[in-house]
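Structural description and commentary
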Amino acid sequence: MPPASTGASTLAVDASAAPSPVSTTAATAGASAASGTDVPARLEPGRPGYRRMSFALFAAGVATFALLYSTQALLPAVSASFGATAGQASWTVSAATGALALCVLPLSALSERFGRRQMMTASLTVAVLVGLLIPFAPSLGWLIALRAVQGAALAGLPASAMAYLAEEVRPKALVAAIGLFVAGNSIGGMSGRILTGWVAQLWGWRAALGAVGLLAVACAVVFHFMIPKARHFTPGSLNPKALAKTVGGHLADPLLRRLYSIGALFMTVFGAVYTVIGYRLVEAPFSLPQGIVGSIFLVYLVGTVSSAAAGQLVARLGRRGALYLAVSTTAAGLLLSLADRLPAVLLGLVLITAGFFAGHAVASSSVSRTATTGRAQASALYQSAYYLGSSVGGTLGAVAFHAGGWAGTVALGLLAVLGVVSITLYGTRVARAERRALVPATR
């Protein structure tokens, strides 16, 4: 494993490193290029296929977040329908994200054998079919169970998408490409919540979930017809020992561990805030109707911009600088949201959303570039940590809200932000120590 440098830096690839026993795609492509074999050019802006790829993965990102968080804006209505507390209703979100976190690694291993494109297609298809059944759940228990199945199905998409991008896109364009995929996530989260809010106000939460299912069907069709065939993928074997060795190698890498922790902590903040915000806004002093509460998620547009701009932030500030900016923006938003005035709360949500999506884009792209072998497993571990953070954040955020109101949820978010700062500062110190140690060797 390469030595650690910073909290989210990019490491140079060791050309002599042996290929992973699980994934040999990158090594094979590199060897072919070195030997002069005719290898298809990787995708980049301006090349044929890049726009189709971007649009297809954007649609997949929309469907993923729209389905995964389809009940989040509806939690007050779900609570009222089943006579459940905020903590109990929050499991309709946490069950989906938790199941995704548990299944993303084994499904990413299957993608090594059967292909990224095939895994993403199957994952999205099953999740959409389950989404069409969810509105008919007869009880809260059934709703939670179906949401868990849906989350498990969606697990095949995020890590496979990251690995697909790492294999098919030129390294210099990777941050921007992943930023567009993450931007699709933000659009999906926004459109799904706005759609469910207004449909629920008119026809109830079950009709709202049905509308999200139909939106996901449309996205799945677009993805199927637009995604280019993989040109740099080489099938690997399903070897449990090799998989365990690859995963163990990633977990032994200090830099990757820091990136996984950063992703989990960012998502803890985001999951807590957006699981609870609906409860706060329907209560005094705001007392907003369900449709207006759903429209609050228009602030996700800010996440679309900040994630797509992550590449520019890294170019100007470096990866650590971009992370410091993202975490500072998130913390400022949390503090501002404590005010009991709606404009202040909205501005706080804007800052939280911008900071979260920028930090997530930087951290996730750093994982894809840091892992020289077994990229699918490296991305899968990041996704596991990321969605585990969402599950924990959603549940603990609801518990904190029940115990201490919105201030309790904000306190939980600030603790997670402090964790990101601590990890990044530690990475900065490690990087400085490594640079000082290398000075004598270069003289």
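Keep in mind that what you see is a predicted model, and the values were worked out from it rather than measured.

Quick word on the overall build of the protein
The number of helices and strands found in the protein is 17 helices and 0 strands. Each of the 443 residues in the protein was classed as buried or not, and the buried ones make up 58%. At a minimum sequence separation of 6, the contacts of the protein that also span at least 24 residues come to 84%. Of the roughly 16,900 Å² of accessible surface on the protein, a fraction of 68% belongs to carbon and sulfur atoms.

A closer look at the packing of aromatic side chains
Under the defined criterion, the tally for this structure stands at 11 aromatic pairs. Note on Phe 270 and Phe 357: the rings are 5.5 Å apart at their centroids and 80° apart in plane angle, and the pair reads as edge-to-face. With a gap of 87 residues between them, Phe 270 in helix H12 (residues 254-282) and Phe 357 in helix H16 (residues 342-370) connect regions that are remote in the sequence. Of the two residues, Phe 270 and Phe 357, neither departs from the other in class, the shared state being buried. Here Tyr 279 and Phe 401 contribute two aromatic rings whose centre-to-centre distance is 6.5 Å and whose plane-to-plane angle is 40°, an arrangement assigned as tilted. Of this pair, Tyr 279 sits in helix H12 while Phe 401 sits in helix H17 (residues 375-442); the two residues are 122 residues apart in sequence, bridging distant segments of the chain. With a relative accessible area of 10%, Tyr 279 lands in the buried category. On the basis of relative accessible area, Phe 401 is assigned to the buried category, the value being 13%. What links up through ring pairs into an aromatic cluster is the set Phe 270, Tyr 274, Phe 297, Phe 356, Phe 357, Tyr 382, Tyr 386 and Tyr 387. The aromatic ring of Phe 114 is capped on one face by Arg 113, whose charged end is 5.6 Å from the ring centroid.

Quick look at the side chain of Thr 424
With respect to the helices, strands and loops of the structure, Thr 424 is situated in helix H17. Leave out the neighbours within four places in its chain, and Thr 424 touches Ile 262, Arg 320, Leu 323 and Tyr 324.

Considerations on the nonpolar core
With 125 residues, the main nonpolar core has Leu 57, Leu 165, Tyr 274 and Tyr 300 as its most contacted residues. Top element by residues in this core is H12. It accounts for 16 residues. With residues near it in sequence (within four places) discarded, Leu 57 still touches Met 120, Ala 161, Tyr 164, Leu 165, Phe 181, Phe 223 and Ile 227.

Observations regarding a positive patch on the surface
Together, Arg 429, Arg 432, Arg 435 and Arg 436 make up a positively charged patch on the protein surface. A relative accessible area of 46% means that Arg 432 is categorised as partly exposed.

Looking at the environment of Val 420
For Val 420, the position within the fold is in helix H17. With relative accessibility at 2%, the residue Val 420 sits in the buried group. Spatially, the C-alpha atoms of Val 420 and Phe 266 are 7.4 Å apart, while their sequence positions differ by 154 residues. What Val 420 contacts, discounting residues up to four positions off in sequence, is Ile 262, Leu 265, Phe 266 and Val 327.

What about helix H6 (residues 116-133)?
Compared with an ideal rise of 1.5 Å per residue, which puts 18 residues at 26 Å, H6 spans 26 Å between its outermost C-alpha atoms and is within 8% of the ideal. Listed as buried for H6 are Arg 116, Met 119, Met 120, Ser 123, Leu 124, Ala 127, Val 128, Val 130 and Gly 131. All buried residues of H6 fall inside an arc of 165° around its axis, so they share one side. Opposite the buried face of H6, by more than 90 degrees, sit the exposed residues Leu 129 and Leu 133.

Description of the confidence of the model for the protein
This prediction gives the protein a mean pLDDT of 83; 89% of its residues lie at or above 70. By mean pLDDT, the top-scoring element of the protein is helix H7 (residues 140-154) (96), and the lowest-scoring one is helix H1 (residues 25-34) (41). For residues 1-37, every residue scores under 50 in pLDDT, and the model assigns this stretch 81 contacts once sequence neighbours within four places are set aside.

Topic: H7
For H7, built from 15 residues, the straight-helix expectation of 21 Å at 1.5 Å per residue is met to within 8% by its first-to-last C-alpha distance of 21 Å. Of the positions making up H7, those classed as buried are Leu 140, Leu 143, Leu 146, Arg 147, Gln 150, Gly 151, Ala 153 and Leu 154. Projected down its long axis, H7 carries its buried residues within an arc of 155°, all on one side.

About the criteria used
- Residues numbered from 1 in each chain as written.
- Predicted model: local features only at pLDDT ≥ 70, side-chain atom pairs only at ≥ 80, totals over all residues.
- Heavy atoms only, no water.
- Helix = DSSP H or I, 4+ residues; strand = E, 2+ residues; numbered from the N terminus.
- Buried < 20%, exposed > 50% of the residue type's maximum accessible area, 1.4 Å probe, protein only.
- Contact = heavy atoms within 4.5 Å.
- Areas by Shrake-Rupley, 256 points an atom, 1.4 Å probe, with all protein chains shown as cover.
- Phe/Tyr/Trp six-rings, centres within 6.5 Å; stacked < 30°, edge-to-face > 60°.
- Lys NZ or Arg CZ within 6 Å of the ring centre and 35° of its normal.
- Core = buried A, V, L, I, M, F, W, Y, C linked by side-chain atoms within 4.5 Å.
- Patch = residues over 30% accessible without salt bridge, like charges linked within 9 Å, V, L, I, M, F, W, Y side chains within 5 Å.
- Salt bridge = Lys/Arg side-chain N within 4 Å of Asp/Glu carboxyl O.
- Lys, Arg positive; Asp, Glu negative; His and termini not counted.
- Charge placed at Lys NZ, Arg CZ, Asp CG, Glu CD.
- Expected span 1.5 Å × (residues − 1).
- Arc of directions from axis to C-beta.
- pLDDT = per-residue confidence, 0-100.

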